[in-house]
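Structural overview for review
Each chain is listed here by its residues.
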Amino acid sequence: PPSVDPQKVAGCAHGSLGQELLRAARFQTEFLDPPHTYVPWVTLDKKPIGENFSNISKLICAELDRLNNRGPPPPCKKIMA
């Protein structure tokens, strides 16, 4: 987003917090079940979507609908039609 200062992001990424977050992400990646076999490894509700990237918007909208219990959010209605 335009309100994000790129220098602050770079500072975080190269600083101690960025390194700590990277280690945490690496640790979580190593213990995925099932283990990831390619990148990007996208999960919804802790389940990999596989190589189903062409339907990712529909999958995300369906998951939001399931979690929301009030129907899909307005932007999803067109996607799910």
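The structure contained in this document is the topic of the report that follows. Counting of residues starts from 1 at the beginning of each chain's written sequence and follows it residue by residue. Two thresholds apply to this predicted model, a pLDDT of at least 70 for residue-level local features and 80 or more for giving and counting side-chain atom pairs, whereas whole-chain, interface and lining totals are computed over all residues. The side-chain figures draw on all heavy atoms in the structure; neither hydrogens nor water molecules are used.

Side note on unusual backbone geometry
Condition: The numbering of helices and of strands both runs from the N terminus, where a helix is a DSSP run of H or I of at least 4 residues and a strand a run of E of at least 2.
Residue Pro34 follows Asp33 across a cis peptide bond; omega there is 5°. Following the sequence through the fold, Pro34 ends up in the loop between helix 2 (16-30) and strand 1 (43-44). Residues Val39 and Pro40 are joined by a peptide bond in cis, for which omega reads 5°. Mapping Pro40 onto the fold places it in the loop between helix 2 and strand 1. One non-glycine residue with positive phi stands out, namely Lys46, at about 65°.

What about the state of the cysteines?
For clarity, the threshold we go by: Working definition: a disulfide is two cysteine sulfur atoms within 2.5 Å of each other. Three exposure classes are used, based on accessible area relative to the maximum for each residue type with a 1.4 Å probe and protein chains only: buried under 20%, partly exposed in between, and exposed over 50%.
Tallied over the full model, the rule gives one disulfide. Each sulfur of the disulfide joining Cys61 and Cys76 lies 2.1 Å from the other. For the disulfide bridge between Cys61 and Cys76, the dihedral angle about the S-S bond is near -75°, and by the sign convention the bridge is left-handed. Placement of the pair is Cys61 in helix 3 (residues 56-68) and Cys76 in helix 4 (residues 74-80), with a sequence separation of 15 residues. Like Cys61, the residue Cys76 is buried in the burial classification.

Nothing here speaks to function; it is geometry throughout.
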